[in-house]
Amino acid sequence: MSTSINNFEEIMVVRNLMTIILAVSALFWMGLYLVPEASAAEQRSALIADGAGKALRLWYNEPAPDSDAGWVNGSIPMGNGYMGVNVFGGTASERIQITENSLYDSVAGKGLRRTGLNNFAEVYLDFGHNKTSNYERDLNLNEGVSHVKYTQDNVEYSREYFTSYPDKVMAIRLSASNAGTLSFTLRPTIPFLGNAKSGSVVAKGDTITLSGVMSHYNVKFEGQFKVILEGGTMKAVNRKSRGTLAVTDADSAVILIAVGTNYQFDPKVFLTTEDAEKLDGFPDPHAKVTGYLNDAAAKTYDQLLANHRADYTELYDRVSLNLGASEPAIPTNEIVDAYPAGDSSRYLEELAFQFGRYMLICSSRAGTLPPHLQGIWNVYEKPPWSSQYLHDTNVQMAYAPAFSANMPELFESYVGFFNTFVPRQRLYATEYIKQYNPAQLDPSGDNGWSGPFWTNPYNVTGKSPVAGFGTGSWIAQMFWDYYDYTRDESLLKETVYPVMHEQANFVSRFVKDVDGVLLADPSSSPEQKLRNTVGTTFDQQMFYENHHNTLTAAKILGRSDKRLDIYETQLPLLDPIQIGKSGQIKEFRQEEYYCDAHKVLDPHHRHASMMLGLYPGQLINRKTPAWLDAARTTLSLRTRSSNIGWARAERIAMLARVYDGEEAYAYYSDLLEGNYMHNLFNDHRGDPIFQADANYGATAGVAEMLLQSQDHVVSPLPALPDAWSEGSCRGLLARGNFEVSVQWSREHASQMEVLSKSGGTLELRYPNVAQAVIKTSEGQTVDFVAKGSDQVSIETTQGKTYVVTDIPACIPVAAPSNLKFTTDGGSDQIELSWTGSADAASYNLYRAVGNTPDYELIASNFAGTRFVYKAADLKQIDQMTLKVTAVRANGRESDQGATVIRLLPTK
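Since this is a predicted model, take the numbers as computed values, not measurements. (Residues numbered from 1 in each chain as written. Predicted model: local features only at pLDDT ≥ 70, side-chain atom pairs only at ≥ 80, totals over all residues. Heavy atoms only, no water.)

Quick look at the packing of helix α16 (residues 661-674) against helix α17 (residues 693-706) now. The contact between α16 and α17 brings their axes to 11 Å, and the two run at 155°. On the basis of their axis angle, the class for α16 and α17 is roughly antiparallel. You can see that α16 and α17 cross each other, and the crossing is left-handed. Within the contact between the two elements, α16 uses G661, A664, Y665, Y668 and L671 and α17 uses A694, A698, V702 and M705. Residue classes in the contact of α16 with α17 are distributed as eight nonpolar, one polar and no charged. (Axes fitted to C-alpha atoms, helices over the stretch in contact; angles between N-to-C directions. Helix = DSSP H or I, 4+ residues; strand = E, 2+ residues; numbered from the N terminus. Parallel < 35°, antiparallel > 145°, perpendicular 65-115°, else oblique. Left-handed = near helix turned anticlockwise from the far one by under 90°. Contact = heavy atoms within 4.5 Å. Nonpolar A, V, L, I, M, F, W, Y, C, P; charged D, E, K, R; others polar.)

What follows is the structure, encoded as structure tokens:
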């Protein structure tokens, strides 16, 4: 197994030792014996930051308060897809709150708090322990297991909790240090009983059955709670349908919990118009829940725990992050409170990254409903925004870390849900084509599917002016990522391509010719006040991304579907990027200067929907440098003023995509300081209102700071901030199904490792990588093709690992700044000046005319900080972007430059 290493000095010693060993035999790597014949699925990155090396845990020296505030700020969240659980850790009475994502009421009312997802159960373990000492509770992220321990009357009591996906139960083990001293009462209750919800709790033998009905959709629900004792006695008591189990003088006990409803993944749920009839014909959950419980009870507790650990760690252990932090001696609530002062900051940054991965493992498992706005956790009768699925960023942010943080199979949860509601979306698509572009209607109904704004487990809305139809293509982007990160062609053929092709079918019929380009009409940019306009950047970029991905997938699969030629003809006419007079990417076509359209736009809006081609899309990248500079300008204009948690998380990734590690880190710090609560739930905007998307999104954002591949070039450490000058990460996933690990010191990669899980060409970019030593993990020299000094191309073999060492350090060239016009009279000559770079031996000047994605070089290798640019067409060009870069004496050019927008002067 991998050697545990807890500090950077030890890392450096071991790294140097490994270099020697690789040169000799390469049989061992950090204590891991490498078997060349092992399959790609069996191989794991062997670099230093092994997850077992450091305990990442949330821990506290007191229980969470028994209140809604205690739930949102202090309870420990757990889950297995089948249920979400919040554990409070009380001693007089333990409270365990359970959520089941299909337990829905009607979505009634307006505003923040509306009925919708309901609290499934409140479960109490009454101990009567009021004089305790040495209290501690924790959540161990390395194992997905929670603990409580304390002393009462010289007896140490302990509890261990886990939620098992393979066995579909929650298991709790209660222990006492002295035999015969464990006594408690198990008391499950049904919250919010009333007109909308009825039920009873009945105890019999060693089991309590909690069951009832949510009346609006006729959701039948059931939970079963089984107690297995060692020693002692147990008595079932029923009073007014409130069953309890009283345990006296036991040595230890195990409690198993299983829950379920009569909800099923069946398109009839969405196609049936009468709410009360949506679940007609589905079986009562009793047999299902009984089966879960009986199957689990047939195993020992240790077997259940082993099953859980094997399932959980197979996902969790794929990725680790080491920023050099040691385990703090203070509880997590104090770590969170101390973060603004910088205390234990690296540990919290590591912890929050892995906590987002933990939450997705808890809330998104195949065969279960996907995570909603609150993930899989809800304590309320009227949860925030009804705990629905919003497709104008929230669902997409939930799944962003599934791919980059190396858990792609967790997307299966959404695939199952999508396949359930998409038949309804096909009907909507036909309705909208008939309404908005009837000349393109296929009368037989082959009109693709349209994207929803929101949905819940029972209903999916029609169109909404709050967001444009680009939501559908954004959903399809997630499916493309599912393939692009895994490169599973059977998955592409059977699951991904049909989704993208049908979405492109709808889009191809929906767009209209407007002045020679194809635009969405009507069109909205998510949640901005200017609505039902034409051709918002949100819609156009998403349409473009999906058309492009569909055509790419068709070529991979060798498809010749009849509408592919239409998509290919339409693609260049979708016009995804418009550059405004402030140098920004426009959000609206009628916008000239930043956010001036109709004077209703919020310049600091939480959504940055005109930037989706930058992230999570692939449209804006190093191959489109003019657009990349415009994206950088736009993010600067948006400012850091929003305190919305998910918006901060999204900007981490967007800023990483423009290679601004310092600003990306600033947003991560803002998020941890301003939005993370004591249990690491995101409070959304300081209310506190829990919303899970920032937790998922923060993990994805940090992953983008450490690894990118949006242009299908694997790029380690593209946005590393100064604060993370030393560290390592292991197992991040790049497009092409490359698993990447990196160790760095003084902000420079000392070692990189790439596991090729699918084979194919590896394009690897890092400064001076072409001068590095590249070998397989067995020590064989690797042939590669250098593409300049900073990129190499390697033909990889599936299952092989490629190790890059001895990378010469590269000092970036400082860019010039403050580019401006000294004179510009609208003639064929302009004079420019700028603040010089101390690294520059010379400068280059570029221009990008109008909305073009790339720059053209117009002058090179000139000295000084002033330049007179002459061109015959300057009098005809309405708008261009000019850019000056610095060039060092060795020929290396600054990564960025100073830009200025030149507008043709009005006469």
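Next up on the list: the environment of G613. One can find G613 in the loop between α13 (564-570) and α14 (625-638). As for G613 and Y544, which are separated by 69 residues in sequence, their C-alpha atoms are 9.0 Å apart. Look past the residues within four positions of G613 in its chain and what remains in contact with it is Q541, E545, Q618, L619 and I620.

Now for the pairing of strand β14 (residues 207-214). Put simply, side chains in a regular strand alternate between the two faces of the sheet. Pairing between strand β13 (residues 197-204) and β14: eight bridges, direction antiparallel. Bridged to G199 within β14 is G212. Remark: two residues form the turn of the hairpin made by β13 and β14, two consecutive strands paired antiparallel; G205 in that turn has positive phi of roughly 65°. In this sheet, strand β15 (residues 219-230) lies alongside β14 in antiparallel orientation, the contact comprising eight bridges. For S211, the partnering residue across the bridge sits in β15 and is E222. Counting the residues in the hairpin turn of β14 and β15 gives four residues, including N218, whose phi is positive at 55°. (Pairing = 2+ DSSP bridges.)

Another point: helix α12 (residues 537-557). Relative to the 30 Å expected for 21 residues at 1.5 Å per residue, α12 spans 30 Å between its end C-alpha atoms, a close match to the ideal helical length. Remark: G558 follows α12 within two positions and exhibits a positive phi of approximately 70°. (Expected span 1.5 Å × (residues − 1).)

To continue, consider the pattern of salt bridges. In this structure the tally under the stated criterion is 42 salt bridges. Across the pair E143 and R309 runs a salt bridge whose closest N-O atoms are separated by 3.3 Å. You can see E143 sitting in the loop between β8 (132-140) and β9 (145-152) and its partner R309 sitting in helix α5 (residues 301-316), a full 166 residues away along the chain. The partly exposed category is assigned to E143, whose relative accessible area is 26%. A salt bridge links D670 to R640, with the shortest nitrogen-to-oxygen separation between them at 2.9 Å. Of this pair, D670 sits in helix α16 while R640 sits in the loop between α14 and α15 (645-657), and the two are 30 residues apart along the sequence. Relative accessible area serves as the criterion here: at 37%, R640 is assigned to the partly exposed category. Within this structure, D481, D484, R487 and R735 form a network of salt bridges that share partners. (Salt bridge = Lys/Arg side-chain N within 4 Å of Asp/Glu carboxyl O. Buried < 20%, exposed > 50% of the residue type's maximum accessible area, 1.4 Å probe, protein only.)

Read from one edge to the other, the open sheet built from four strands follows the order β37-β36-β39-β40, with strand pairing classed as antiparallel. Two strands lie at the open edges of the sheet, namely β37 (856-862) and β40 (898-903), each paired on one side alone. Here the strands of the sheet are splayed against their neighbours by 20° on average, with no regard to which way each runs. The pairing of strand β36 (residues 842-849) with strand β39 (residues 879-887) spans eight bridges and is antiparallel. By the bridge assignment, S842 is partnered in β39 with V887.

Turning our attention to the packing of aromatic side chains. Scanning all chains against the criterion turns up 54 aromatic pairs. Consider the rings of Y263 and F265, whose centres lie 6.2 Å apart with planes at 85°: the pair is edge-to-face. Exposure remark for Y263: the relative accessible area of 9% places this residue in the buried category. Taking relative accessible area as the criterion, F265 reaches 31% and is therefore assigned partly exposed. (Phe/Tyr/Trp six-rings, centres within 6.5 Å; stacked < 30°, edge-to-face > 60°.)

All right, on to the sheet that holds strand β31 (residues 785-786) then. Judged by pairing direction, the sheet is antiparallel, and its three strands sit side by side in the order β29-β32-β31 without closing on themselves. The open sheet has two free edges, formed respectively by β29 (760-765) and β31, since each of these has just one partner strand. Strand direction decides the pairing type here: β31 and strand β32 (residues 791-796), joined by two bridges, are antiparallel. Within β32, the position partnered with A786 by the bridge is V792.

Another aspect to go through is the nonpolar core. If you look at the biggest cluster of nonpolar residues, it comprises 222 residues, and the most contacted ones within it are I98, L141, F184, L186, Y414 and L706. If sequence neighbours within four positions are ignored, F184 has contacts with L125, D126, F127, L174, V227, L245, A246, V247, A253 and I255. Membership of the second largest hydrophobic core comes to 20 residues, among which are V813, F867, I877 and A898. (Core = buried A, V, L, I, M, F, W, Y, C linked by side-chain atoms within 4.5 Å.)

Another point: the side chain of R892. Summarising the element assignment, R892 is placed in the loop between β39 and β40. R892 sits in the buried class, given a relative accessible area of 16%. In this structure, R892 is in contact with N768, S789, D790, C810, V813, A886 and V887, ignoring residues within four places of it in sequence.

Here the focus is the side chain of N456. For N456, the location among the structural elements is in the loop between β21 (454-455) and α10 (470-486). Residue N456 is classed as buried on the basis of its relative accessible area of 1%. Separated by 2.7 Å, the side chain of N456 and the backbone nitrogen of Y458 make a polar contact. A distance of 2.8 Å separates a polar atom in the side chain of N456 from the backbone nitrogen of N459. Those residues in contact with N456, other than ones at most four positions away along the chain, are Y104, V107, Y217, F270, Q388, Y389 and F417. (Polar contact = N/O pair within 3.5 Å; in protein donor to acceptor, adjacent residues only side chain to side chain.)

A separate point is the confidence of the model for the chain. When pLDDT is averaged along the chain, the result is 93; 94% of the residues meet or exceed 70. Note that pLDDT drops below 50 for residues 1-43; the model gives that stretch 72 contacts with residues more than four away or on any other chain. (pLDDT = per-residue confidence, 0-100.)

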